[in-house]
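Examination of the molecular architecture
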Amino acid sequence: MRAAEPTGPIDDSELPALFAPVERATLIALAVSGGADSLSLLDCADRWRRRNPGTPSLLILTVDHGLRPSSRKEAAGVVATARSRGLEARILRWIGRKPKGDVEAAARAARYHLLLSAAREAGASHLLLAHHRDDQAETLLLRLARGSGLFGLAAMRSEIRVGEVTIVRPFLGVPRSRLRASAAAAGLAPVEDAMNADPRFARARIRQLMPSLAAEGIDAAGLAATARRLAAAAEAIDAGAGKLLARAVALDELAIAVVDPVLFLQAPAELRARALVRLLLGIGGDQYPPRYERLLALLRDMEAHRGTVRFKRTLAGVVIEARRGRFLLYREVGREGLPEVRLTPGSSVVWDNRFRVDAATGARRRLRLAALGEGGRRAAGLRIDLKPAGAVAALPALWTGATLVAVPSIGYFAGVSGDPGVVVRSILSDRLAEPPRFPDFLAPA
């Protein structure tokens, strides 16, 4: 039998523990839609701030998605509520044509893109979301229905880093009923989103099933506890995969991963699979891992390779090639090509998630940062012993118009006068050191 848990509104005494992850921050952003859950987040954060001197400043962000005639009024209501408490608030608008299909997913992606961008621009270190225990239980069931693996069934994480911003969900252990009670106790009038009860959406259908499941002992508290245990198991596998990467994989200045097949393939299957996912996501351009069946097929091919035949595969934007008794993994240029960026003096950019590029204040103007490409590699006559031509073609190069200026990561300068003043370094080691937390903030389901 479970111990009795608190009911009713969230008490002031509970707030320090809920907001402990952000107590040392300077500025935190709160995503507030106007529903009961997010209004409770606003109220709790405000009460915590008032009772604890030195706590972070709060920035309230609300999105006017434009999908309902009332959305502008609802966003204005959130701003009015925040400002009545002396809090800074901003409305973020989703501008442009709205998709006709899968509107829920598109709106969610647009909303979090706007929220994260606004948080970064404001200098907030954290973005707080109001997902709660019932959301977590529903997420676990949805992912179970989709056949997700361990990392998917771990469901939403309480903290997830997204670039310079850390997303925090302080209410993942709190039931929905307490958040509604907190909003009511604060005298806040939430808006109700009809999509939350629309049976066209899978989450709404799962939500309608929850009372029947609870009657059979499968309640939100138990499901959320299961998600926590699965998350702990996922963390343990990630730790093992990290050690495997450190032991079996070497990285070079061209962002090529060199894998020792003996050390790599003798590891347990789950560690190999997770380590390979981290390599593919670190080197390739995808945000999500490949389908598990394709991942397993690649692992089987790697296990079966004996070095007597040519081995070359591609998956998730990565080329996997066997050379001199090692597997080399490097970026595939691909049909769609790689990013292009206009460099300005004094700028610093991350290119293709693999390289940091710093342009000095005196750097040459009108430089274009783009992949060298196979055509550029051939035209420049570039060949590096023991390095795959495709890996060289995927390097960042500096161009003026269609003229190649330099490939700084290999010290190549195309006979132009003067150093262009740009430094390029691989950040692949940083990418691999930080386990991927798949962007479930884009799709909590």
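What you see is a predicted model; the values in this text were computed from it and never measured.

Comments concerning the overall build of the protein
Within the protein, the regular secondary structure consists of 15 helices and 19 strands. Against the globule reference of 22 Å for 445 residues, the protein gives a C-alpha radius of gyration of 25 Å, in line with a compact fold. Counting only residues that meet the buried cut, the protein has 49% of its 445 residues in that class. Carbon and sulfur atoms make up 52% of the accessible area of the protein, which amounts to about 21,700 Å² in all.

Describing the packing of helix H9 (residues 220–248) against helix H11 (residues 269–283)
Taken N-terminus to C-terminus, the directions of H9 and H11 make an angle of 70°; their axes are 8 Å apart at the nearest point. Classed by the angle they form, the pair H9 and H11 counts as roughly perpendicular. Taken together, the residues of H11 that come into contact with H9 (itself represented by Ile-237, Asp-238, Gly-240, Ala-241, Gly-242, Leu-244 and Leu-245) are Glu-270, Leu-271, Arg-272, Arg-274, Ala-275, Arg-278 and Leu-279. Of the residues belonging to the contact of H9 with H11, the class tally is seven nonpolar, two polar and five charged.

Quick notes on the side chain of Asp-134
Tracing the backbone shows Asp-134 in helix H5 (residues 133–145). In this structure Asp-134 comes out as buried when scored by relative accessible area, which is 17%. In terms of polar contacts, Asp-134 uses its side chain to reach the backbone amide nitrogen of Arg-176, at 2.7 Å.

Concerning the packing of helix H2 (residues 36–51) against helix H7 (residues 176–185)
Helix-helix packing is described using two parameters, namely the angle between the two axes and the distance between the axes. Across the interface, H2 lies against H7 with an axial gap of 8 Å and an inter-helix angle of 65°. Crossing of H2 against H7: the hand is left-handed. When H2 is examined against H7, the residues Ala-36, Asp-37, Ser-40 and Asp-43 are found in contact with a partner set consisting of Arg-176, Leu-179, Arg-180, Ser-182 and Ala-183. In terms of residue class, the contact of H2 with H7 is made up of three nonpolar, two polar and four charged.

Quick notes on unusual backbone geometry
Of note, the phi angle at Ala-316 is positive, near 55°, even though the residue is not glycine. Positionally, Ala-316 belongs in the loop between strand E9 (312–315) and strand E10 (318–323).

Thoughts on helix H4 (residues 103–122)
Along its 20 residues, H4 runs 28 Å from first to last C-alpha, staying within 8% of the 28 Å computed at 1.5 Å per residue. Contacts made by the buried residues of H4 are with strand E1 (27–31), strand E2 (57–64), strand E3 (88–93), strand E4 (126–128), strand E5 (159–162) and strand E6 (165–168).

Considering the sheet that holds strand E12 (residues 341–343)
Taking strand neighbours across the sheet as the criterion, the five strands line up as E12-E15-E16-E17-E18 in an open arrangement whose pairing is antiparallel. Unpaired on one side and paired on the other, E12 and strand E18 (412–413) mark the two borders of the sheet. Looking at chain direction, E12 and strand E15 (residues 367–371) are connected through three bridges and run antiparallel. Bridging across to E15, Val-341 finds its partner in Leu-369.

Here's the deal with the nonpolar core
Grouped together as the largest cluster of nonpolar side chains are 66 residues, with contacts concentrated most on Phe-264, Leu-276, Ile-320, Leu-329 and Val-422. Apart from the residues lying within four places of it in its own chain, the contact partners of Leu-329 are Ala-255, Ile-256, Ala-257, Val-259, Leu-276, Leu-279, Ile-283, Val-318, Val-319 and Ile-320. Ranked by size, the runner-up nonpolar core spans 29 residues in total, among them Val-22, Trp-48, Ile-60 and Val-79.

Focus on the pairing of E1
With respect to burial, E1 is a largely interior element, five of its five residues being buried. Residues Leu-27, Ala-29 and Ala-31 of E1 are buried on one face, and the alternating residues Ile-28 and Leu-30, pointing to the opposite face, are buried as well. The pairing of E1 with E2 spans five bridges and is classified as parallel. The partner of Ala-31 across the bridge, within E2, is Leu-61. After leaving E1, the chain enters H2 and then returns to the sheet as E2, a path that is right-handed. Pairing analysis gives three bridges linking E1 to E4, with the strands arranged parallel.

So, the packing of aromatic side chains
Counting across every chain of the model gives three aromatic pairs. Measuring from centroid to centroid gives 5.0 Å for Phe-19 and Trp-48, while their planes differ by 20°, and the two rings are stacked. Highlighted residues: Phe-19 in the loop between helix H1 (15–18) and E1 and Trp-48 in helix H2, separated in sequence by 29 residues. Judged by relative accessible area, Phe-19 falls into the buried class, the value being 1%. On the basis of an interplanar angle of 50° and a centroid distance of 6.4 Å, the ring pair of Trp-351 and Phe-355 is categorised as tilted. Against the face of Phe-151 rests Arg-274, its NZ or CZ located 3.7 Å from the ring centre. Above the ring of Phe-311, the side-chain terminus of Arg-313 is found at 4.4 Å from the ring centroid.

Structural notes on H7
Three or more residues of H7 are buried, namely Arg-176, Arg-178, Leu-179, Ser-182 and Ala-183. Considered in projection along H7, the buried side chains sweep an arc of 165° and stay on one side of the axis. Of the exposed residues in H7, those oriented more than 90 degrees away from the buried face are Ser-177, Ala-184 and Ala-185. In the core, the buried residues of H7 are packed alongside H2, H5 and helix H8 (202–215). Where H7 terminates, the next one or two residues include Gly-187, which has phi positive at roughly 75°.

Some remarks on the sheet that holds strand E19 (residues 422–426)
The antiparallel open sheet is built from three strands, whose spatial order is E13-E14-E19. At either margin of the open sheet sits one strand with a lone partner, and together these are strand E13 (348–351) and E19. Ignoring which end each strand starts from, the neighbouring axes of this sheet average 20° apart. Bridging between E13 and strand E14 (residues 355–359) involves four bridges; their strand directions are antiparallel. Considered in E14, the bridge of Trp-351 is made with Phe-355.

Definitions and cut-offs
- Residues numbered from 1 in each chain as written.
- Predicted model: local features only at pLDDT ≥ 70, side-chain atom pairs only at ≥ 80, totals over all residues.
- Heavy atoms only, no water.
- Helix = DSSP H or I, 4+ residues; strand = E, 2+ residues; numbered from the N terminus.
- Rg over C-alpha atoms; globule rule 2.2 N^0.38 Å.
- Buried < 20%, exposed > 50% of the residue type's maximum accessible area, 1.4 Å probe, protein only.
- Areas by Shrake-Rupley, 256 points an atom, 1.4 Å probe, with all protein chains shown as cover.
- Axes fitted to C-alpha atoms, helices over the stretch in contact; angles between N-to-C directions.
- Parallel < 35°, antiparallel > 145°, perpendicular 65-115°, else oblique.
- Contact = heavy atoms within 4.5 Å.
- Nonpolar A, V, L, I, M, F, W, Y, C, P; charged D, E, K, R; others polar.
- Polar contact = N/O pair within 3.5 Å; in protein donor to acceptor, adjacent residues only side chain to side chain.
- Left-handed = near helix turned anticlockwise from the far one by under 90°.
- Expected span 1.5 Å × (residues − 1).
- Pairing = 2+ DSSP bridges.
- Core = buried A, V, L, I, M, F, W, Y, C linked by side-chain atoms within 4.5 Å.
- Right-handed = clockwise from strand over helix to strand, strands pointing away.
- Phe/Tyr/Trp six-rings, centres within 6.5 Å; stacked < 30°, edge-to-face > 60°.
- Lys NZ or Arg CZ within 6 Å of the ring centre and 35° of its normal.
- Arc of directions from axis to C-beta.

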